[in-house]
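# Analysis of the macromolecular model
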Amino acid sequence: MTLQQTLNSFRTGPDETGHFGQFGGRFVAETLMPLVLSLEKAYAEAKADPHYQGEMKSYLTHYVGRPSPLYFAERLTEHAGGAKIYLKRDELNHTGAHKINNVLGQILLAMRMGKTRIIAETGAGQHGVATATVCARFGLKCIVYMGAVDVERQKPNVFRMKMLGAELIPVTSGSKTLKDAMNEALRDWVTNVADTFYCIGTSAGPHPYPMMVRDFQSVIGTEARAQMIEREGRLPDSIIACIGGGSNAIGLFHPFLDDPSVEIYGVEAAGHGVASGLHAASLTGGRPGVLHGNRTYLLMDPDGQIAEAHSISAGLDYPGIGPEHSWLHDMGRVKYISATDQEALDAFQLLSKLEGIIPALEPAHAIARAVEIAATKPKDHLMIVNLCGRGDKDIFSVAEHLGGME
Amino acid sequence: MTTRIDTRFAKLGAEGRAALVTFVMAGDPDPATSLAIIKALPAAGADLIEIGMPFTDPMADGPAVQAAGLRALAAGETLAGTLKLVREFRAGDQSTPIILMGYYNPIYIYGVDRFLVDAKSAGIDGLIVVDLPPEEDDELCKPALAAGLNFIRLATPTTDDARLPKVLTNTSGFVYYVSIAGITGATTPDFGKVATAVARIKSHTNLPVAVGFGVKTAADAAAIAAGADGVVVGSTLVDAVRHSLDANGKATAKTVESVVALVKNIASGVHSVAKPKK
């Protein structure tokens, strides 16, 4: 499909049934449907309430530390030899990633709704840590589901969640990673309907989650847009972010979707390479299907059984993607590309050495492609890369891949 | 139009007893054993048969049904294989209603139109698709009804009176009341609350109401049968399959027999309850 000439805006979705074109929707069990509907109503009310918005803004400023800086990466720019590369420093947020932007919004909403028990799924552990953090701040019970494989490879975050008072439940079903953690969280929600709020960590799941998470994360793009105009007097020429479920990416992209001069790139995790079959690139290597409450591009076998994703980055290791990305892909507004495990590892080291910033493995995928794209652009081309998380959590698994710290 | 499901519930209503609805997973533990189990169910006391379509990510199922699905997938079960299973069953049984139960993605990938044609010709009577609420009726529910299949909806403790009419619209065959908010195979429900809930649903519809989730014994079945038109039993049957397997997870001589024995026992509970004849 090509860009529709008749479309006035890419920013109006979803429609009232939660669809972005054919994607999205509310594919959940009847037990959850009334909960999803009441969440939709509560969110619409909160969104229109100046008190709620004021609370959000205050906590984002004083607790999270927003706005995050837009930093000109001078040595990375020199290294690439083309475009001016700016980094949107969401890794400087409290808890070290963009995840808290969304968690804060959802937890404030949960409290408005009178919910006292918060559940979450987590892959890399960043969303789990953010949820545990905000729950600690407001004295709420927090249960985090995490794939047993991820518990093993993200030990620092496991410890942080426990320190913050969350109950961590390792998930041993299926592939023992993020998708299975999400299955278990949904099973918990089906069972504990009265007091429980499911705080989903990415821009996926049944409507209204993809919209709500996008709204909360759009603070990234809104700030970046204003900061670039302040710094350079104009919009960026390109923006780029990594994509697992796609919340940091949609947060950066959404405020720029209707600026036709801005090239937008989403970088999926190619694992061992898309051709190898061992990857997490749903748009590049998948097709539309239905999972976890929404229709979106998924990795699956010919019979519609969900395939296991593969990525060095636990946060991108998911066989699906947020439905709005699937739509933007089909509409041609965003260009979706990918980076392999090795390319991410190389970029992880490159940014550490050139800028003194250790990125998480997730945005290292975006850095890898950004350097390559920047090299093909003129010196006055302005690029923003979303540095959505810091790499502290990854140092042990990277060390393992690099054969030690020596 | 009248389906085998309608006919069966009418007949049992006239006899004054509740229906026993049995759930087993297609292809569990292997295609041949699965067919043998399903063929043996009617004589053991099953009035209607639900056949699970295995899926990798069954978000509303507990450990027993999850494991059954994974056993079936490991043994090579596909949706095409499940349709073939029903064709083979139907060759020897023209009257027992067959309902496929599962999740939408395998059907969506098979192709809705092609699936409905193949399901109808295989002798399938109804569908239960857990992740298709009425809000998504255009996907499969309406095409299925147009193709002459029943679309059986789940009603749950969270489905309040305001929402029930929406759930019941486009529901046919029977209503499947999920007795607890939870996953399959979880705790035993509070039978008193179940009877109240069934009465509440019946105030909105003339369709038969079958109740499931948490039914494990003949006594559970009898307690449910007293207040409902049907009793659904599932997790405990797939657990019986699991317990009968050898150390390598393969079927044994006991596999079919242990499911049959359990169904006979639970059927005795259902049959022990005499209801007013309709």
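Residues numbered from 1 in each chain as written. Chains lettered and ligands numbered in written order. Predicted model: local features only at pLDDT ≥ 70, side-chain atom pairs only at ≥ 80, totals over all residues. Heavy atoms only, no water.

Quick look at the overall build of chain B now. Helix and strand content of chain B: twelve helices and nine strands. For chain B, the C-alpha radius of gyration of 17 Å lies close to 19 Å, the compact-globule estimate for 278 residues. Counting only C-alpha atoms and orienting by the principal axes, one finds that chain B spans roughly 50 × 40 × 35 Å. Here chain B holds 278 residues, and 62% of them are scored as buried. In chain B, the proportion of contacts linking residues at least 24 apart, taken out of those at least 6 apart, comes to 74%. (Helix = DSSP H or I, 4+ residues; strand = E, 2+ residues; numbered from the N terminus. Rg over C-alpha atoms; globule rule 2.2 N^0.38 Å. Buried < 20%, exposed > 50% of the residue type's maximum accessible area, 1.4 Å probe, protein only. Contact = heavy atoms within 4.5 Å.)

Below, the discussion takes up helix H9 (residues 209–217) of chain A. For H9(A), a buried count of eight out of nine residues is recorded, marking the element as mostly surrounded by other parts of the structure. All of the buried residues along H9(A) are A:Tyr209, A:Pro210, A:Met211, A:Met212, A:Val213, A:Arg214, A:Phe216 and A:Gln217.

Glancing now at the sheet that holds strand E1 (residues 19–20) of chain A. Residue and element names in this part refer to chain A. Pairing in this open sheet of four strands is antiparallel, and the strands run E1-E2-E12-E11 from one edge to the other. Bordering the open sheet on either side are E1 and strand E11 (287–291), each of which pairs with just one other strand. Note: strand E2 (residues 23–27) against strand E12 (residues 293–298), two bridges, orientation antiparallel. Note that in E12 the partner of Gly24 across the bridge is Arg295. Contacting E1, E2 and E12, helix H13 (residues 323–331) runs over the sheet at an angle of about 45° to E12. (Pairing = 2+ DSSP bridges. Axes fitted to C-alpha atoms, helices over the stretch in contact; angles between N-to-C directions.)

Residues and elements named next belong to chain A. Its boundaries defined by the atoms lining it, the largest pocket holds a volume of some 470 Å³. In this structure, the largest pocket is lined by 16 residues; those nearest its centre are Gln53, Met56, Leu60, Asp215 and Val219. Of all the secondary structure elements, the ones that give two or more residues to the lining of the largest pocket are helix H1 (33–47), helix H2 (50–64), H9 and helix H10 (219–232). In terms of residues, the lining of the largest pocket owes the most to one element, H2, which gives six residues. (1 Å grid on protein atoms, 1.4 Å probe; cavity = no way out; pocket = protein on both sides within 12 Å on 5 of 7 lines; lining within 4 Å. Points joined across faces, edges and corners; volume = space filled by probe spheres on them.)

Glancing now at empty space enclosed by the protein. It is a probe the size of a water molecule, rolled over the atoms, that shows where empty space is left. Applying the stated rule across the entire model yields seven cavities of 30 Å³ or more. By volume, the largest cavity is sized at about 330 Å³. Around the largest cavity, the lining is made up of 29 residues, and of these A:His98, A:Lys99, A:Gly315, A:Leu316 and A:Glu362 lie nearest the centre. For the lining of the largest cavity, the secondary structure elements donating two or more residues are strand E5 (117–122), helix H5 (126–138), helix H8 (178–191), strand E9 (238–243) and helix H11 (247–253) of chain A. Estimated volume of the second largest cavity: approximately 90 Å³. Around the second largest cavity sit 15 residues that line it, and A:Ala29, B:Ala60, B:Val130, B:Leu154 and B:Phe213 are the ones nearest its centre. Residues belonging to the lining of the second largest cavity are distributed by class as follows: nine nonpolar, four polar and two charged. (Nonpolar A, V, L, I, M, F, W, Y, C, P; charged D, E, K, R; others polar.)

Okay, the confidence of the model for chain B next. Chain-level pLDDT for chain B is 96 on average; 100% of the residues reach the 70-or-more range. The complex prediction reports pTM at 0.96, with the ipTM value standing at 0.96. (pLDDT = per-residue confidence, 0-100.)

On the chain B side, the residues contacting the 36 residues of chain A number 34 residues. It is A:Glu30, A:Arg187 and A:Gln305 that lose the most area in chain A upon contact with chain B, and together they represent 24% of the buried surface on that side. Of the charged contacts, one joins B:Asp57 and A:Lys179 as a salt bridge, the two residues approaching to 2.9 Å between their closest N and O atoms. Looking at the side of chain A that touches chain B, the elements that each hand over two or more residues are E2, H1, H8, E11 and E12 of chain A. Among the elements that line the side of chain A that touches chain B, the one with the most residues is H8(A), at eight residues. (Buried area = accessible area lost by both parts, 1.4 Å probe. Salt bridge = Lys/Arg side-chain N within 4 Å of Asp/Glu carboxyl O.)

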